[in-house]
Amino acid sequence: MRLWTSERHMRWLIALRARLNAAASPAETEAIWNLYSRSVRRLVRGEAAEPAWPIAARDDQLPPLRARDGSSWTVWLVLGGRGAGKTRTGAEWIRGMVAGLPWLTRRPVGSIALVGETFADVRDVMIDGPSGLLAIHPPGERPIWTATRRRLEWPQTGAVALAFSAEDPESLRGPQFEAAWVDELGKWRHADAAWDQLQFGLRLGERPREVVTTTPRAIPLVRRLLADQRVALSRASTAANAGNLAPAFLQAVVDRYAGTALGRQELDGELIEDRADALWTRAAIEALREDRAPPLRRIAVAVDPPATSRKGADACGIVAAGIDASGICHVVADESASGLSPQAWAARASLLYHRLEADALVVEVNQGGEMATAVIREVDPSVAVVSVRATRGKHMRAEPVAVLYAQGRVRHCGVFPALEDEMTDFGPTGLSSGRSPDRLDALVWAITHLALQGRGGEPRMRIV
């Protein structure tokens, strides 16, 4: 191990002293004091010291000594922007808990839960990612990942971490743990159910604890954790980790979105609440959420095609909704995407149309004229295309759809974070970022086609 500079070593000693002063028991005090004394002796002799992460880490990447109410925390909430180092924070905390580092835990933990939005996210980000658990361990200490068993094992200590998907909350029923790492909680479709099952499973050891690393989204569970003063809280922005990010990313993304609602959430790690003049509120959308849709009489897939597919162009909005026998609309899919060629978005929309056994593919033709419908028919002649042309502004077209939401006549089957972000940030002047609300446009066309034709919807659109 390379030697540290005196300045970095002194940071480590200061951090140890702070933890020594906050030690909760004589045993913890003794363990931290022994580590502190050993580090001082090594500094005097000019030797290498303890693991380098506590020195290299930013303050927000090290666990707080106490919760916000001064108590010993069981949940550490790490809110950060994209690329802020949240994954590294979670991975290093797990590594330290397994190793039994005295400034983190009184004794090593042996049973751990790793919970992500999907199993693929746990595997690709938390375990096998560039800042994941495999990458941060030196070769001689690296745990063994067995994908078929969804199991990560440290042979040196016998510690085992099991991977779980928040899409399957029931899989967390039964297993028990000493520690857990929860990633991207704000994106979880079944956030409350998966979270509750995990809490019941954290029942081993003297002090079960968990770290939650997420970009903030204003879902009820994240709001509750923020309001709970017993939860330890750290915040990090993308800019704080600029030294580890590509300059092109910082220039292209940070410069573009800085100051916007999307930028404050995705870059600064702020929890963005509803825009005051938006047509929708997050609370209203949440109240209309459902796990699954009832039988649907008609289904429409709506497409808001971009004017061009070049880099930086608007996304292609692709949203599907259906209407049931009682006249309630149900939003069932958002497969919008950026950077697609006309043939690619046409194929994507066609696949969704057939998968849902839809009755109509509604396509706005303002941007591409008849080209949009021609491309779809070329890709799949069997699709029933309905061409529509906007005759009013986006806000005026969206207003009658917002009224349907207010009347409880539209439900969201599942969670559509990107679509819902546009909805709650859409006011009279459009999105706060200035970008086109492509997902929202597609949603408006789908609901209008299903529920508003002949009921006040026709003045907002014209069938071509």
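Fair warning: this is a prediction, and the values are worked out from it, not measured in the lab.

**Q** Which residues make up the overall build of the protein chain, and what values do they have?
**A** The secondary structure content of the protein chain amounts to 16 helices and 18 strands. The buried share among the 464 residues of the protein chain stands at 52%. Partitioning the intrachain contacts of the protein chain with sequence separation of at least 6 by distance along the chain shows that 69% fall at a separation of at least 24. If you sum the accessible surface of the protein chain, you get close to 20,400 Å²; carbon and sulfur atoms cover 51% of it.

**Q** How would you summarise the confidence of the model for the protein chain if you had to cite specific residues and measurements?
**A** For the protein chain, the mean per-residue pLDDT works out to 84, and 83% of the residues sit at or above 70. Contacts of residues 1-5 to residues separated by more than four positions or lying in other chains number 15 contacts, the stretch itself having pLDDT below 50. Here residues 455-464 is modelled with pLDDT under 50, and outside its nearest four sequence neighbours on either side it reaches 31 contacts, counting other chains as well.

**Q** Can you lay out the environment of Pro437 for me, pointing to particular residues and giving the numbers?
**A** Within the secondary structure layout, Pro437 lies in the loop between strand S17 (430-431) and helix H16 (438-452). Pro437 gets classed as buried once you look at its relative accessible area, which sits at 4%. Along the sequence, Pro437 and Cys316 sit 121 residues apart, while their C-alpha atoms lie 9.9 Å from each other.

**Q** Give a description of empty space enclosed by the protein that names residues and reports values.
**A** Enumeration over the complete set of coordinates arrives at one cavity of 30 Å³ or more. If you go around the largest cavity, the residues you meet are Gly186, Arg217, Ala218, Ile219, Arg282, Ile285, Glu286, Arg289, Val415, Pro417, Glu420 and Asp421. Listing elements by their share of the lining of the largest cavity, those giving two or more residues are helix H11 (282-287) and helix H15 (417-424). Within the lining of the largest cavity, the residues separate by chemical class into five nonpolar, one polar and six charged.

What counts as what
- Residues numbered from 1 in each chain as written.
- Predicted model: local features only at pLDDT ≥ 70, side-chain atom pairs only at ≥ 80, totals over all residues.
- Heavy atoms only, no water.
- Helix = DSSP H or I, 4+ residues; strand = E, 2+ residues; numbered from the N terminus.
- Buried < 20%, exposed > 50% of the residue type's maximum accessible area, 1.4 Å probe, protein only.
- Contact = heavy atoms within 4.5 Å.
- Areas by Shrake-Rupley, 256 points an atom, 1.4 Å probe, with all protein chains shown as cover.
- pLDDT = per-residue confidence, 0-100.
- 1 Å grid on protein atoms, 1.4 Å probe; cavity = no way out; pocket = protein on both sides within 12 Å on 5 of 7 lines; lining within 4 Å.
- Points joined across faces, edges and corners; volume = space filled by probe spheres on them.
- Nonpolar A, V, L, I, M, F, W, Y, C, P; charged D, E, K, R; others polar.

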